[in-house]
Amino acid sequence: MMQLSDLEITRLCAEAMGYEQCTDSIMGGPALCFDPKTTPDAGYFHYDPFHNDDQTMQLLLWLLSCGEKIVIENNERGNRPILVFKNAAYRVHSLELLRGAIVECVAKVQKEKQK
């Protein structure tokens, strides 16, 4: 998979969760706010799973509900946790790294679904 920007990864994660991207009316370009398809009266909200624990955990549950296998274990030295997903290992010794690994995994799955 080619390198994706944080905005592209966020868009793919939002699509996986059933959200549509809105357009920022002030700047006229893509924004990190999404309109929930399932509850249109909820309005727009800021979607940022890189920094929002609740959104990231929803993505983790989505991955598991898709039947994807995720393993979190200590590395071979036993001193740092890693997340293993589809032959890739991600360092997850901080909350920021864990969120980043989860959103990247969801983006990979969503990108594969679009092919």
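Owing to the predicted nature of the structure, the values given are computational and were not obtained by experimental measurement.

Visitor: Teacher, can you tell me more about the pattern of salt bridges here?
Guide: Where charged atoms from two side chains of opposite charge come close, those side chains can pair. Tallying each qualifying case throughout the model produces 5 salt bridges. A salt bridge links Arg99 to Asp53, with the shortest nitrogen-to-oxygen separation between them at 2.7 Å. Placement of Arg99 in helix H3 (residues 95-114) and of Asp53 in helix H2 (residues 53-65) is noted, with a sequence separation of 46 residues between them. Classification of Arg99 by relative accessible area gives buried; the value is 11%. By relative accessible area, Asp53 is classed as partly exposed at 36%. One connected set of salt bridges, linked through shared partners, spans Glu8, Arg11 and Glu15.

Visitor: Honestly, the state of the cysteines in this entry has me stumped. Any pointers?
Guide: Taken as a whole and judged by the stated rule, the model has 0 disulfides. Considering cysteine sulfurs only, Cys105 is the nearest to Cys13, which forms no disulfide, with 9.5 Å between them.

Visitor: I tried to follow unusual backbone geometry on my own but got confused; where do I start?
Guide: Backbone phi values are negative for most residues with the exception of glycine, while trans is the configuration of most peptide bonds. One non-glycine residue, Lys86, adopts positive backbone phi at about 50 degrees. Looking at the element boundaries, Lys86 is found in the loop between strand E5 (81-85) and strand E6 (88-91). Taking the relative accessible area as the measure of exposure, Lys86 reaches 38% and is therefore partly exposed. A positive phi is found at Asn87, a non-glycine position, where the angle reads about 65 degrees. With respect to the secondary-structure elements, Asn87 resides in the loop between E5 and E6. On the basis of relative accessible area, Asn87 is assigned to the exposed category, the value being 85%.

Rules behind the numbers
- Residues numbered from 1 in each chain as written.
- Predicted model: local features only at pLDDT ≥ 70, side-chain atom pairs only at ≥ 80, totals over all residues.
- Heavy atoms only, no water.
- Salt bridge = Lys/Arg side-chain N within 4 Å of Asp/Glu carboxyl O.
- Helix = DSSP H or I, 4+ residues; strand = E, 2+ residues; numbered from the N terminus.
- Buried < 20%, exposed > 50% of the residue type's maximum accessible area, 1.4 Å probe, protein only.
- Disulfide = S-S within 2.5 Å.

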